[in-house]
Amino acid sequence: MPDQTAPTAPTIPPTPPVPLAALLARSDLGLRQLAGPSDASIRWVHTSEMADPFPYLLGGELLMTAGVQLPDPEVYVARVAAAGAAALGFGVAPVYDAVPPALVEACARHGLPLLEVPPQTTFSGVARAVWLLMARAREEELRRVSEGQRALATAAARLEPVGAVLRVLAGRIGGWAALVTPEGSVLDSAGPEPSDSQRVGVRGLVRVVAPSADLPHPAPSRKPPADDTTAADRRTRGSAPDAAAQTPQGLEFPLEAPAGKGRGGGSALTASDTVAGTHLSAYALAGPRVLALATPHRAPGDHTIAGVAAVLLTLLTAERQGADEAARSAALVRMLLGGGPQDTSELLGPGPWTVVHARGQGPAPDLGTPLVEADGHRVRALLPAGREVTPHPDWTLGISAPAGLDGLSVADTQAARALARAEATRVALARHRPAGFGALVDPEEAAAYARELLAPLTETQRATLHTWLSLHGSWDRSAVAVGVHRNTVRQRIGRCAALLGTDLDDMDVRTELWLALKQQG
């Protein structure tokens, strides 16, 4: 059982927030707010009739209950509020004919919104309404991001692309966007100017992310800045991280530091802070340059739109490595306007390609390719599949399977896993093993784990358990297969569960035991 006295801070689901007012506006539900603020946001729906649901709440949810176990409303509401629930929905009937006044008073004291759910409205109906509102919010966010990407790509193709991109970005986020130097000097900007205190805050963020002149200048991560709230803050109602801050699919090398953390010299690629109610963000670019933002509010999709602008500004301001600038810009615009990786074939060639991940000390390994992203002790590289990769002193390498341009995202994941396997097994170089899910587990480690897991069982018990699992838990068919009475099978399986200290009705447990038994043959 989870610890019910001091559970760790819950991780709030990364779902789009649904304003409580939007749910109350659904006349077909007939919900009525009896207590608490009306500006909460719902990110989840959970139904529980436990006396203390705290250990099972993620935070940010609408908790539905009929009050089956409600001995002390004050204690109950205090625990629900401490868990970070967004609101409490109380179903009238069959247990209570009306919402208990003590519950209304407790919710008012703790600032927890309380909704009365009429008898004709089912809890599943409320949940369905929340999911529909979430789907609409996600669609609106994707539409906004898509329109922002197109507008930024169009701006990047104009005669003065840097200023055009900043103007479009400032208009999309409703704030100030600027290209600044590591010293804080503004090279170009658009949108309403920030206050003096906000400029001081921006300069502090620039010092966190500004690349140092003696370090490589990697392109900015497409991941958004870390949320500027603490873990305790995120336990409050409706304060989950922005759902739009999910990482876009594709090659990614996360290098962010929390707001206010890090040091100068490129220790982080993004940073954020809040000054006088204005959200400040900084994105490291090549050059060295920094994209600075100041916005009075954060809408879903802002981080993604800013990330696209950061990528464009990096390409527009960075020194070229010999590729034709017109071809590079044209390929980039085609990708942002809906094209795929194959649209870069005129610059890279059709492939196949191999992705290499490396981690180590000292000078970065020379892999014979200019397509390298280096950050201190970590390196990623893209090179032709036919090129030989050999071990390098003081470095550990992971190599993907050959892939075309449309498979580079998968190849990136393969290289990362191969590097992790090489570090775990202490070898200098590991290649991707294309052999299904079984290849993701080291055979020796799997065999050792299987021996340890099944050690309490005798050979007879293992054989019976193997047969029972293979026949999907059928007592009669297992008895026929083993050649014993069905009660004997029950007794053996029950003994196995006791020796292993686990619940054999749990599918996860069954799957793990099945894989272990298969490992032992």
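Residues numbered from 1 in each chain as written. Predicted model: local features only at pLDDT ≥ 70, side-chain atom pairs only at ≥ 80, totals over all residues. Heavy atoms only, no water.

Trainee: Tell me about a nonpolar patch on the surface, residues and numbers included.
Mentor: On the surface, a cluster of nonpolar side chains totalling about 260 Å² of accessible area is made up of Trp44, Leu58 and Trp131. Exposure remark for Trp131: the relative accessible area of 36% places this residue in the partly exposed category. (Patch = residues over 30% accessible without salt bridge, like charges linked within 9 Å, V, L, I, M, F, W, Y side chains within 5 Å. Areas by Shrake-Rupley, 256 points an atom, 1.4 Å probe, with all protein chains shown as cover. Salt bridge = Lys/Arg side-chain N within 4 Å of Asp/Glu carboxyl O. Buried < 20%, exposed > 50% of the residue type's maximum accessible area, 1.4 Å probe, protein only.)

Trainee: Requested: an account of a negative patch on the surface, with residues and values cited.
Mentor: Among the surface-exposed residues, Asp503, Asp506, Asp508 and Glu512 lie close enough to one another that they form a single negatively charged patch. The residue Glu512 is located in helix 16 (residues 507-519) in this model. (Lys, Arg positive; Asp, Glu negative; His and termini not counted. Charge placed at Lys NZ, Arg CZ, Asp CG, Glu CD. Helix = DSSP H or I, 4+ residues; strand = E, 2+ residues; numbered from the N terminus.)

Trainee: An account of the confidence of the model for the protein chain is requested, with residue identities and associated values reported.
Mentor: The predicted model of the protein chain averages 79 in pLDDT, with 78% of residues at 70 or higher. Contacts from residues 1-10, a stretch scored under 50 in pLDDT, to residues over four places away or in other chains number 16 contacts. Across residues 212-266, confidence stays below pLDDT 50; counting only partners more than four residues off in sequence or on other chains, it has 138 contacts. (pLDDT = per-residue confidence, 0-100. Contact = heavy atoms within 4.5 Å.)

Trainee: Lay out the packing of helix 14 (residues 475-482) against helix 15 (residues 486-500) with the relevant residues and their values.
Mentor: A pair of packed helices can be characterised by two numbers: the angle between their axes and the separation between those axes. Interaxial distance between helix 14 and helix 15 falls to 8 Å at its minimum, and their mutual angle equals 100°. Here helix 14 is positioned roughly perpendicular relative to helix 15, judged by the angle of their axes. Contact residues: Trp475, Asp476, Ser478, Ala479 and Val482 in helix 14; Arg486, Val489, Arg490, Arg492 and Ile493 in helix 15. Considering only residue class, the contact of helix 14 with helix 15 consists of 5 nonpolar, 1 polar and 4 charged. (Axes fitted to C-alpha atoms, helices over the stretch in contact; angles between N-to-C directions. Parallel < 35°, antiparallel > 145°, perpendicular 65-115°, else oblique. Nonpolar A, V, L, I, M, F, W, Y, C, P; charged D, E, K, R; others polar.)

Trainee: Just give me the short version of the pairing of strand 14 (residues 372-375), but keep the residues and values in it.
Mentor: Both strand 14 and strand 15 (residues 378-384) contribute to a ladder of 4 bridges, which runs antiparallel. Its bridge partner lying in strand 15, Ala374 is registered against Val379. Between strand 14 and strand 15, which pair antiparallel and follow one another directly, the connecting turn spans 2 residues, one of which, Gly376, has a positive phi of 60°. (Pairing = 2+ DSSP bridges.)

Trainee: Lay out the nonpolar core in plain terms, naming residues and giving numbers.
Mentor: Judged by nonpolar contacts, the single largest core of 27 residues is most densely connected at Leu152, Val165, Leu166, Leu169, Leu291, Leu293 and Leu313. Contributing elements (two or more residues each) for this core: helix 4 (123-156), helix 5 (161-173), strand 8 (176-180), strand 11 (278-285), strand 12 (289-295) and helix 8 (302-317). The element best represented in this core is helix 5, accounting for 8 residues. Listed in part, the 20 residues of the second largest apolar core include Leu23, Leu31, Ala86 and Val130. (Core = buried A, V, L, I, M, F, W, Y, C linked by side-chain atoms within 4.5 Å.)

Trainee: Got a sec to walk through the sheet that holds strand 16 (residues 395-399)? Specific residues and values, please.
Mentor: Here 5 strands make up an open sheet; going across it, the order is 14-15-13-16-17 and the pairing mixed. Single-partner strands in this sheet number two, and they are strand 14 and strand 17 (429-431). Across the sheet, the mean angle separating the axes of adjacent strands is 15° when strand polarity is ignored. In the packing of helix 11 (residues 408-425) onto the sheet, contacts are made with strand 13 (353-360), strand 15, strand 16 and strand 17, and the angle to strand 13 comes to roughly 35°.

Trainee: Which residues make up the sheet that holds strand 2 (residues 32-35), and what values do they have?
Mentor: Pairing is mixed across the open sheet formed by 5 strands, whose spatial order is 2-7-6-5-4. The outermost strands of the open sheet, each flanked by one partner alone, are strand 2 and strand 4 (44-47). With direction set aside, neighbouring strand axes in the sheet form an average angle of 30°. In terms of strand pairing, strand 5 (residues 61-65) meets strand 6 (residues 87-91) through 4 bridges, oriented parallel.

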